[in-house]
Amino acid sequence: QVQLVNSGGGLVQPGGSLRLSCAASGFTLDNYAIGWFRQAPGQEREGVSCISGGDGSTYYADSVKGRFTISRDNAKNTVYLQMNSLKPEDTNVYWCAASRTYYCSGYGWWAPAEYDDWGQGTRVTVSS
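Residues numbered from 1 in each chain as written. Predicted model: local features only at pLDDT ≥ 70, side-chain atom pairs only at ≥ 80, totals over all residues. Heavy atoms only, no water.

1. Concerning the nonpolar core
Part 1: In this structure, L4, W36, F68, V79, L81, M83 and Y94 are the most contacted members of the largest nonpolar core, which totals 26 residues.
Part 2: Every element with two or more residues in this core is listed here: β3 (18–25), β4 (34–39), β5 (46–51), β7 (68–73), β8 (78–83), β9 (92–99) and β11 (122–126).
Part 3: When residues no more than four places from it in sequence are discounted, the contact partners of Y94 are N6, L20, W36, F37, R38, V48, F68, L81, M83, G121, T122 and V124.
Part 4: Formed by seven residues, the second largest nonpolar core is a distinct cluster that contains A33, F37, C50 and C104. (Core = buried A, V, L, I, M, F, W, Y, C linked by side-chain atoms within 4.5 Å. Buried < 20%, exposed > 50% of the residue type's maximum accessible area, 1.4 Å probe, protein only. Helix = DSSP H or I, 4+ residues; strand = E, 2+ residues; numbered from the N terminus. Contact = heavy atoms within 4.5 Å.)

What follows is the structure, given as structure tokens:
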């Protein structure tokens, strides 16, 4: 059974850091593009980052570029999202998701429809 488990969310002050985890079971993360998404109340789900299978090429939304880093630990079958210099506007629920493709799509990695399997989400709150 394919399962993605998100963890690592919490409350952090502006300028702080968090690392989110996306642990997979039932399949090998390295064989699929894995994305991170977030959604604030009343807004559409936003693609934050994507990491391709194999070579691990990465993509980022402009809003997080230079602050967030996506990575993968194949031994642990886990993808991470390291979030630094957090801002109040980063407050959201964050999900990881597995695509049906090997590579992050250069034409639409940010689109939720590109992904088949989703974690349960983890809440990040950036506030003083």
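Read on, since the account is not over.
2. Considering the state of the cysteines
Part 1: Counted according to the given criterion, the structure contains two disulfides.
Part 2: Linked covalently through their sulfurs, C22 and C96 form a disulfide whose S-S length is 2.0 Å. Handedness of the C22-C96 disulfide follows from its S-S torsion of about 70°: it is right-handed. One end of the pair, C22, is in strand β3; the other, C96, is in strand β9, with 74 residues separating them in the sequence. The pair C22 / C96 is uniform in exposure class, with both members buried.
Part 3: The disulfide that involves C50 links it to C104, with 2.1 Å between the sulfurs. Here the disulfide of C50 and C104 is left-handed, its torsion about the S-S bond being about -95°. One end of the pair, C50, is in strand β5; the other, C104, is in the loop between β9 and β10 (115–118), with 54 residues separating them in the sequence.
Part 4: You can call C50 buried: its relative accessible area is 0%. (Disulfide = S-S within 2.5 Å.)

3. Section: the sheet that holds β8
Part 1: Read from one edge of the open sheet, four strands run β1-β3-β8-β7, paired in antiparallel fashion. In this open sheet, the two edge strands, each paired with only one partner strand, are β1 (3–7) and β7. Geometrically, the sheet is characterised by an average inter-axis angle of 15° between neighbouring strands, direction not taken into account.
Part 2: Here six bridges tie β3 to β8, and the two strands are oriented antiparallel to one another. Bridge pairing links L18 to M83 in β8. (Pairing = 2+ DSSP bridges. Axes fitted to C-alpha atoms, helices over the stretch in contact; angles between N-to-C directions.)

4. Describing the environment of D55
Part 1: Checked against the element boundaries, D55 lands in the loop between β5 and β6 (58–60).
Part 2: When the C-alpha atoms of D55 and M83 are compared, they prove to be 22 Å apart, with 28 residues separating the residues in sequence.

5. What about the pairing of β5?
Consecutive residues of a regular strand have side chains that alternate between opposite faces of the sheet.
Part 1: Counting buried positions along β5 gives five out of six residues, so the element sits mostly inside the fold.
Part 2: The pairing of β4 with β5 spans five bridges and is classified as antiparallel. Residue R38 lies in a different strand from β5, and its bridge partner there is E46.
Part 3: Counted between consecutive antiparallel strands, the loop separating β4 from β5 contains six residues, among which G42 sits at a positive phi close to 80°.

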